[in-house]
Structures are given as C-alpha cells and as structure tokens.
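Structure at a glance
The chain contents come next:
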Amino acid sequence: LTVGASGAADAVTVGVRGIFNGTRFVWSPQTRSVVPRTTIRWRAVDGNHNVKSRGANWSYFRNLPRGTAVARTFNRRGTFRYYCTIHGNVANGVCTGMCGRIVVS
C-alpha cells in the first residue's frame, strides 16, 4: 500500500492503487476520507484498469493502463463511489470486485 499526502490542506494529493490480493484486484485503500479541494490520484501499479464513477452525484471515466495515473479534484462534500469496469461489477446498486469510494467532508 502506497498512500502519500503532500502540500497544503486544499491541495493534498492521495495515491490510490489497484493491487492483486491473491484472488482479485482491489483498490487500496478502498475508502479514503478527505477535505474539499483534495486531488485524488489513481495509479495502476499492477495490470490495466479504469476508473468509472457510479451514482448520480458525479461523472468520471478514465482508462488507467499499467504504470499510469489519473487524477480528479473533489471540490464539494459528499460520497463519490467508483469502480474498475474490468475488475468490478455493479448489479442492483451493489458493487462487487474492484470498488471504492471517496468521502469528502
């Protein structure tokens, strides 16, 4: 697990990576709590992934090939759920597999 934070409170960058836990890929950490104006960086350490928002409160989709990173700044409060469509699935509102969330408070 590699999670780093730097800069002022309104410019924090948090590293999030997909890891293989022995049976499947997972986001690590799966949940991250931050303050508004925090930039979240997803980094593909192992394998190819993507980041897709789920829920009506935000829209985001980026491909995440191995060794690359993508980022988004969260300016407002709320819970922002996401998953990798390659290694996760959403059915009847329930996410399984490579699912995560950002809690901004």
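Placed above this text is the structure.
What you see is a predicted model; the values in this text were computed from it and never measured.

Further remarks concern the state of the cysteines. Counted according to the given criterion, the structure contains one disulfide. Here Cys 95 engages in a disulfide with Cys 99; their sulfurs sit 1.9 Å apart. When the S-S torsion is -85 degrees, as for the bridge of Cys 95 with Cys 99, the disulfide is left-handed. No disulfide involves Cys 84; its sulfur sits 9.3 Å from the nearest other cysteine sulfur, which is in Cys 99. Exposure remark for Cys 84: the relative accessible area of 0% places this residue in the buried category.

What follows is about the nonpolar core. Counting 18 residues, the largest nonpolar core has Trp 27, Trp 42, Val 51, Phe 74 and Ile 102 as its most contacted members. Sorting the residues of this core by element identifies strand S2 (25-28), strand S4 (38-43), strand S7 (69-74), strand S8 (78-91) and strand S9 (94-104) as the ones contributing at least two each. If we skip the residues at most four places from it in the chain, Ile 102 touches Arg 32, Val 34, Ile 40, Phe 74, Gly 78, Thr 79, Phe 80 and Tyr 82.

Counted under the stated rule, the structure contains eight aromatic pairs. Here the aromatic rings of Trp 58 and Tyr 60 are separated by 5.7 Å at their centres, their planes lie at 15 degrees, and the arrangement is stacked. This pair shows no difference in class: Trp 58 is buried, exactly as Tyr 60 is. When the ring of Trp 58 is compared with that of Phe 74, the centres are 5.3 Å apart and the planes differ by 55 degrees; the resulting orientation is tilted. Taken together, the residues Trp 58 in the loop between strand S5 (49-54) and strand S6 (61-64) and Phe 74 in strand S7 connect sequence positions 16 residues apart. Phe 74 matches Trp 58 in its accessibility class, with the two residues each being buried.

Rules used in this analysis
Residues numbered from 1 in each chain as written. Predicted model: local features only at pLDDT ≥ 70, side-chain atom pairs only at ≥ 80, totals over all residues. Heavy atoms only, no water. Disulfide = S-S within 2.5 Å. Buried < 20%, exposed > 50% of the residue type's maximum accessible area, 1.4 Å probe, protein only. Core = buried A, V, L, I, M, F, W, Y, C linked by side-chain atoms within 4.5 Å. Helix = DSSP H or I, 4+ residues; strand = E, 2+ residues; numbered from the N terminus. Contact = heavy atoms within 4.5 Å. Phe/Tyr/Trp six-rings, centres within 6.5 Å; stacked < 30°, edge-to-face > 60°.

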